[in-house]
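Each chain, written out:
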Amino acid sequence: MSADKKINTIGVLTSGGDAPGMNAAIRAVVRRGLSRGCRMKGILKGYDGLLNEEFIDMEAKDVSDTIERGGTILYTARCAEMRTEEGQKKAVEICKRHGIEGLIVIGGDGSFAGAQKLANLGLNVVGVPGSIDLDIACTDYTIGFDTAVNTAMEAIDKVRDTSTSHERCSIIEVMGRGAGYIALWCGIANGAEDILIPEKYDYDEQKIVNNIIENRKRGKKHHIIINAEGIGHSTSMAKRIEAATGIGTRATILGHMQRGGSPTCKDRVYASIMGAYAVDVLLEGKTNRVVAYKNGEYVDFDINEALAMQKSISEYQYQVARSLSGQYEK
């Protein structure tokens, strides 16, 4: 970027599903930008707020006492208009009219798809990965995952207590849309007997039924099944399993509690560094980038390259999870 195109004003928004640690990222973006001489504008309610011109000037005090809060102080919303070419062009024009030369988008893959469109229309954009699902391919870490998986883990420990008391089978559904990372991590951390994730599940319920019956014969007092949201139907699955085994089976859907709560230390620190890094990337003249944490380092990728990447579950981690649950390969 040439000297006459120096970025003086940076906008920041959060988009898509909220995630613990987003406020830490907003705080870092605002304070890093201010420390480097920029004007900072918060955009309320994601792309919807951008198109409705809901802008606020942000100073250091505006992000005081926010790092420990869940959710997002800038709010978030879905925006169908941003999926249209007309909406995307309108967003770029609005940013120009308000003097926003650089835009930082904190969100997941859907938010990045919007950022990609704006970048390709000439707006200087940097994405920061905020998603509890850990489903963004270019990065080993997404803001919110650590808090969400700890929230789910603690809830599952509690369900296990009552499941053991009643000698029940429990199906616990965790979030993650089409990604099984929360389910896999909780399956390992909670010592689940079965882990059902979209990337691996073959929809053969008879295998689960057989596993429950075999475990009961061996004297096991409970059976924990972690079911990913991408598979779902936990309540109807519980009824079918109870009918097939004769063992009381209950479904617990953890739902949006996994999105809330005070972020863990890891989420606060990673979000802070990623937010500051996004500002630095813009001010170095690099644009149309996505910030990532890869192989122990904070890096950035071209936004088009990042969105073209594919992510898959580690085969080794999945096999370890199965063997630790007692499902040895025959």
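Refer to the preceding data block for the structure.
Report follows, based on the coordinates. None of these values were measured; they are calculated from a predicted model.

For the chain, the count of helices and strands is 11 helices and 11 strands. In terms of overall size, the chain behaves like a compact globule, its C-alpha atoms giving a radius of gyration of 22 Å where 330 residues would be expected to give roughly 20 Å. Across its three principal directions, the C-alpha atoms of the chain cover 75 × 35 × 35 Å. Every one of the 330 residues in the chain was classed for burial, and the buried ones make up 53%. Taking as baseline every contact in the chain between residues at least 6 positions apart, the subset at least 24 positions apart corresponds to 73%. Summed over all atoms, the accessible surface of the chain reaches about 14400 Å², with 49% contributed by carbon and sulfur. Side-chain charges in the chain split into 41 positive and 43 negative, and the spacing between the mean points of these groups amounts to 2 Å.

Tallied over the full model, the rule gives 22 salt bridges. Taking the shortest distance from any N to any O, the salt bridge between Lys-217 and Glu-214 comes out at 3.7 Å. Residue Lys-217 and its partner Glu-214 are both found in helix H7 (residues 205–217); the two are separated by 3 residues, about one turn of the helix. One connected set of salt bridges, linked through shared partners, spans Asp-109, Asp-133, Asp-135 and Arg-177.

A word on unusual backbone geometry. The backbone phi angle of Asp-65 is positive, close to 55°, even though this residue is not glycine. By the element assignment, Asp-65 lies in the loop between strand S3 (55–57) and helix H3 (85–97). Backbone geometry at His-233 places phi at a positive 55°, although glycine is not the residue there. Along the chain, His-233 falls in the loop between strand S8 (223–228) and helix H8 (234–245).

A few words on the sheet that holds strand S2 (residues 39–43). Here 7 strands make up an open sheet; going across it, the order is S3-S2-S1-S4-S5-S10-S11 and the pairing mixed. Every interior strand has two partners, whereas the edge strands, S3 and strand S11 (297–302), have only one. Adjacent strand axes in the sheet meet at a mean angle of 25°, parallel and antiparallel pairs treated alike. Across 6 bridges, strand S10 (residues 289–294) lies against S11 in antiparallel orientation. Paired with Val-291 across the two strands is Asp-300, which belongs to S11. Sitting on the sheet, helix H1 (residues 22–35) is in contact with strand S1 (9–14), S2 and strand S4 (102–107), with an inclination near 165° to S4.

Turning our eyes to something else, we now look at the packing of aromatic side chains. Across all of its chains, the model carries 6 aromatic pairs by this definition. When the centroid spacing of 5.9 Å and the interplanar angle of 70° are considered together, the rings of Tyr-270 and Tyr-298 count as edge-to-face. Highlighted residues: Tyr-270 in helix H9 (residues 265–283) and Tyr-298 in strand S11, separated in sequence by 28 residues. Taking the relative accessible area as the measure of exposure, Tyr-270 reaches 16% and is therefore buried. According to the relative accessible area criterion, Tyr-298 is partly exposed, its value standing at 21%.

Quick notes on the rules
- Residues numbered from 1 in each chain as written.
- Predicted model: local features only at pLDDT ≥ 70, side-chain atom pairs only at ≥ 80, totals over all residues.
- Heavy atoms only, no water.
- Helix = DSSP H or I, 4+ residues; strand = E, 2+ residues; numbered from the N terminus.
- Rg over C-alpha atoms; globule rule 2.2 N^0.38 Å.
- Buried < 20%, exposed > 50% of the residue type's maximum accessible area, 1.4 Å probe, protein only.
- Contact = heavy atoms within 4.5 Å.
- Areas by Shrake-Rupley, 256 points an atom, 1.4 Å probe, with all protein chains shown as cover.
- Lys, Arg positive; Asp, Glu negative; His and termini not counted.
- Charge placed at Lys NZ, Arg CZ, Asp CG, Glu CD.
- Salt bridge = Lys/Arg side-chain N within 4 Å of Asp/Glu carboxyl O.
- Pairing = 2+ DSSP bridges.
- Axes fitted to C-alpha atoms, helices over the stretch in contact; angles between N-to-C directions.
- Phe/Tyr/Trp six-rings, centres within 6.5 Å; stacked < 30°, edge-to-face > 60°.

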